[in-house]
Amino acid sequence: MWVFYAGNGMSEALYSAFLAFSLYTFVSWYATTEPRYLIGSGFGIAFLILTRYAFIIWAVLLGILIGVALVRRRASRIEVESSVVAFAAPVVYALALWILFNALIVGEPLGWLNQSTSDQAVNASGTIDQSSVAFNEVSQRLLALNVGIFPLALVAVPALVATFLVQRNDMALWLASFIVLGIVIIGVHAYAAQNEGLLTLRDAMPMFVAALIGAAWVYRSFETFRPVIWAVTLALLVINLFTAWRAMDTYPFQSLEQAFTRAISTGDSQEGESSRGGFRVGIGPEAQMAEYIKDNVEGKNAILTDNAQTFAVILLTGRPQQFFDRIDVGDSAWNDALTSPRGEVEYLLMNRNPQTGDLITARYPNADAGTEEGLTVVFRTDRYLLVRVGAGAGGSGSASGGEATASESTATGASALPGIQDTSGAEGVSTGP
């Protein structure tokens with residue numbers, strides 16, 4: 001799992017590093033009372049929040065615990081206040097800058113707080129259509145994640161609670177709270193959104209890190225039992241190798257983890273193969289669309305696209321200047337072009353799956369069917385659609401038959417580009433141009 005997440009550009013490896021650093025410096029401050037560790041923890045949490053917003057709750061809890069620890073040590077009021085400020089200042093500064101940038105670029109200072117669809121598993125887009133998600137279903141998924149990804153927590157949490165009861169060891173209770181809090185956060189997120197697809201394997205990584213640090217604290221707290229604690233921890237980590245592999249192979253809501261284990265076990269390329277949930281592996285559709293654009297489209301800012309959903313195509317063309325995207329101009333100007341593309345751009349590039357959150361697909365839902373007024377399909381792959389902007393584009397109605405279908409354009413040459421091509425294949429697998 002670590003290799004998979006570290007190698008595919010996801011944020012798990014990055015935020016796990018920041019989380020480990022933040023918890024290490026926090027524990028070090030608790031054990032030594034040296035301010036440098038407290039400041040280090042604040043900076044670690046600041047970067048951590050910018051990689052995963054849910055850690056804002058962890059930051060608040062850490063700030064409270066710092067104050068509680070100092071009060072229990074009978075520190076002066078000035079020391080308590082200054083310590084909390086030293087920890088919180090980097091966090092507040094990072095959040096203030098992030099809110100400012102979102103206000104200036106996107107026009108929504110707090111829009112980043114609502115990003116449920118981007119957090120769900122890539123093979124679980126259909127789950128958001130289900131009528132309801134019961135509490136017991138969420139509980140079962142959380143248990144499966146616990147057993148599969150961080151079974152160490154099943155022993156670490158009760159051991160930490162026992163350490164607190166025996167020694168009145170505050171840190172033990174706090175570390176147990178972090179593990180439980182992480183589980184509760186992802187459970188509440190999925191239940192509130194009524195979307196099981198938000199309970200992904202990668203969501204369990206923070207609890208794995210916290211459980212390992214918790215085990216280390218138990219080891220530190222009981223000098224007499226250190227060999228036993230070390231042996232039990234090692235045994236659980238070895239068992240975790242097998243439970244994590246099985247979870248990657250069988251857990252229903254995935255981001256291609258099953259395909260990764262299959263590639264390792266067989267040594268075969270998974271390009272074009274089906275992973276759990278029916279999701280097609282690889283970049284074939286992206287490469288086909290990128291190649292078509294390189295061969296047939298010219299001009300700067302010729303293609304309006306939602307870069308959040310089509311970034312792979314942009315990357316593979318090697319010509320970012322051809323795309324009119326949200327990164328370049330900001331959401332305000334981009335939305336104006338989306339509403340009235342005629343005269344602004346020549347083409348629209350969109351994701352064919354309406355559940356991905358592609359803003360162009362949402363604005364022109366009938367484009368893929370060829371019935372959106374003013375939009376003519378020129379090329380499609382398994383995942384992406386390229387349409388040409390014509391007269392009437394941006395209207396609210398559907399075309400009344402004026403646009404050529406894929407087969408008509410190919411037969412008559414109605415398109416100024418080579419005939420409309422469909423590489424999606426009979427079963428949704430890319431078959432090549």
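It should be emphasised that the depicted structure is a prediction, and the values quoted were computed from it without experimental measurement.

Criteria and thresholds
- Residues numbered from 1 in each chain as written.
- Predicted model: local features only at pLDDT ≥ 70, side-chain atom pairs only at ≥ 80, totals over all residues.
- Heavy atoms only, no water.
- Helix = DSSP H or I, 4+ residues; strand = E, 2+ residues; numbered from the N terminus.
- Buried < 20%, exposed > 50% of the residue type's maximum accessible area, 1.4 Å probe, protein only.
- Contact = heavy atoms within 4.5 Å.
- Areas by Shrake-Rupley, 256 points an atom, 1.4 Å probe, with all protein chains shown as cover.
- Axes fitted to C-alpha atoms, helices over the stretch in contact; angles between N-to-C directions.
- Parallel < 35°, antiparallel > 145°, perpendicular 65-115°, else oblique.
- Nonpolar A, V, L, I, M, F, W, Y, C, P; charged D, E, K, R; others polar.
- Patch = residues over 30% accessible without salt bridge, like charges linked within 9 Å, V, L, I, M, F, W, Y side chains within 5 Å.
- Salt bridge = Lys/Arg side-chain N within 4 Å of Asp/Glu carboxyl O.
- Phe/Tyr/Trp six-rings, centres within 6.5 Å; stacked < 30°, edge-to-face > 60°.
- Expected span 1.5 Å × (residues − 1).
- Arc of directions from axis to C-beta.
- Pairing = 2+ DSSP bridges.
- pLDDT = per-residue confidence, 0-100.

**Student:** Account for the overall build of the protein chain, naming residues and giving values.
**Tutor:** Scanning the protein chain from terminus to terminus reveals 17 helices and 6 strands. Within the protein chain, the fraction of its 433 residues that count as buried is 45%. Summarising the internal contacts of the protein chain: among those between residues at least 6 apart in sequence, 67% fall at separations of at least 24. When the accessible surface of the protein chain is summed, it comes to about 20,500 Å², and 61% of that surface belongs to carbon and sulfur atoms.

**Student:** Kindly report on the packing of helix 4 (residues 55-72) against helix 5 (residues 77-106), identifying the contributing residues and their values.
**Tutor:** The interhelical angle for the contact between helix 4 and helix 5, taken along N-to-C directions, is 170°, at an axis separation of 8 Å. Overall, the two elements helix 4 and helix 5 adopt an arrangement that is roughly antiparallel. Note on element contacts: helix 5 touches helix 4 through Glu79, Val80, Ser83, Val84, Phe87, Val91 and Leu95, opposite Ile56, Ala59, Leu62, Gly63, Ile66, Gly67, Leu70 and Val71. Among the residues making up the contact of helix 4 with helix 5, the classes are represented as 11 nonpolar, 3 polar and 1 charged.

**Student:** A description of a nonpolar patch on the surface should follow, citing residues and the corresponding values.
**Tutor:** Among the surface-exposed residues, Leu143, Val147, Leu154, Val155, Phe225, Val228 and Val232 lie close enough to one another that they form a single nonpolar patch of about 600 Å² accessible area. Among the secondary structure elements, those contributing two or more residues to the nonpolar patch are helix 7 (135-149), helix 8 (152-167) and helix 11 (226-250). Locating Val155 in the fold gives a position in helix 8. The exposure class of Val155 is partly exposed, given its relative accessible area of 38%.

**Student:** Please provide a residue-by-residue account of the environment of Phe323, values included.
**Tutor:** Summarising the element assignment, Phe323 is placed in strand 2 (residues 323-324). For Phe323, the contacting residues outside a window of four places in its chain are Ile293, Asn301, Ile303, Thr305, Ile314, Thr317, Asp328 and Leu349.

**Student:** Describe in detail unusual backbone geometry, supporting the description with residues and values.
**Tutor:** Positive phi outside glycine occurs at Thr33, with the angle close to 65°. Turning to its location among the elements, Thr33 is positioned in the loop between helix 2 (12-32) and helix 3 (35-51). Relative accessible area serves as the criterion here: at 46%, Thr33 is assigned to the partly exposed category. If you check the backbone angles, Gln194 has positive phi at about 50° while not being a glycine. Examined against the element boundaries, Gln194 turns out to sit in the loop between helix 9 (170-193) and helix 10 (205-221).

**Student:** Please provide a residue-by-residue account of the packing of aromatic side chains, values included.
**Tutor:** Applying the stated criterion across every chain, the model contains 17 aromatic pairs. With a centroid separation of 5.4 Å and 50° between ring planes, the pair formed by Phe4 and Tyr5 is classed as tilted. Judged on exposure class, the residue Phe4 and its partner Tyr5 are both buried. Between Tyr292 and Phe379 the ring centres are 4.1 Å apart and the planes differ by 5°, which places this aromatic pair in the stacked class. Here Tyr292 is found in helix 13 (residues 284-296), whereas its partner Phe379 is found in strand 4 (residues 375-380), with 87 residues between them in sequence. Of the two residues examined, Tyr292 and Phe379, each falls in the buried class. One aromatic cluster is present, built from ring pairs that chain together Tyr15, Phe26, Trp29, Tyr30, Phe55, Trp58, Trp174, Phe178 and Trp217.

**Student:** Tell me about the pattern of salt bridges, and please be specific about residues and values.
**Tutor:** The tally for this structure, following the rule as stated, stands at 13 salt bridges. Among the ionic pairs, Arg202 bridges to Glu12, the shortest N-O distance being 3.9 Å. Of this pair, Arg202 sits in the loop between helix 9 and helix 10 while Glu12 sits in helix 2; the two residues are 190 residues apart in sequence, bridging distant segments of the chain. The exposure class of Arg202 is buried, given its relative accessible area of 13%. Looking at Glu12, the relative accessible area reads 1%, which means it is buried.

**Student:** Can you tell me about helix 8, naming the residues and giving the values?
**Tutor:** Compared with an ideal rise of 1.5 Å per residue, which puts 16 residues at 22 Å, helix 8 spans 22 Å between its outermost C-alpha atoms and is within 8% of the ideal. Buried within helix 8 we find Leu152, Ala153, Ala156, Val157, Leu160, Thr163 and Phe164. For helix 8, the angular spread of buried residues about the axis comes to 125°, placing them on one side. Structural note: helix 8 exposes Leu165 and Val166 on the side pointing more than 90 degrees away from its buried face. Looking at the packing, one finds that the buried side of helix 8 touches helix 7, helix 9, helix 10 and helix 11. One or two steps after helix 8, the chain reaches Arg168, where phi turns positive at roughly 55°.

**Student:** Tell me about the pairing of strand 5 (residues 384-389), and please be specific about residues and values.
**Tutor:** The buried fraction of strand 5 is high, at 5 of 6 residues. The pairing of strand 4 with strand 5 spans 5 bridges and is antiparallel. Residue Arg380 lies in a different strand from strand 5, and its bridge partner there is Leu385.

**Student:** Go over the side chain of Thr361 with me, naming the residues and quoting the values.
**Tutor:** Positionally, Thr361 belongs in helix 16 (residues 359-363). Sequence-distant contacts of Thr361, defined by excluding residues within four places in its chain, comprise Met350, Asn351 and Pro354.

**Student:** Pulling in residues and values, what's your account of the confidence of the model for the protein chain?
**Tutor:** Residues with a pLDDT of 70 or more make up 86% of the protein chain, whose mean pLDDT is 84. Within the model, the stretch residues 396-433 combines pLDDT values under 50 with 78 contacts to residues more than four positions away or in other chains.

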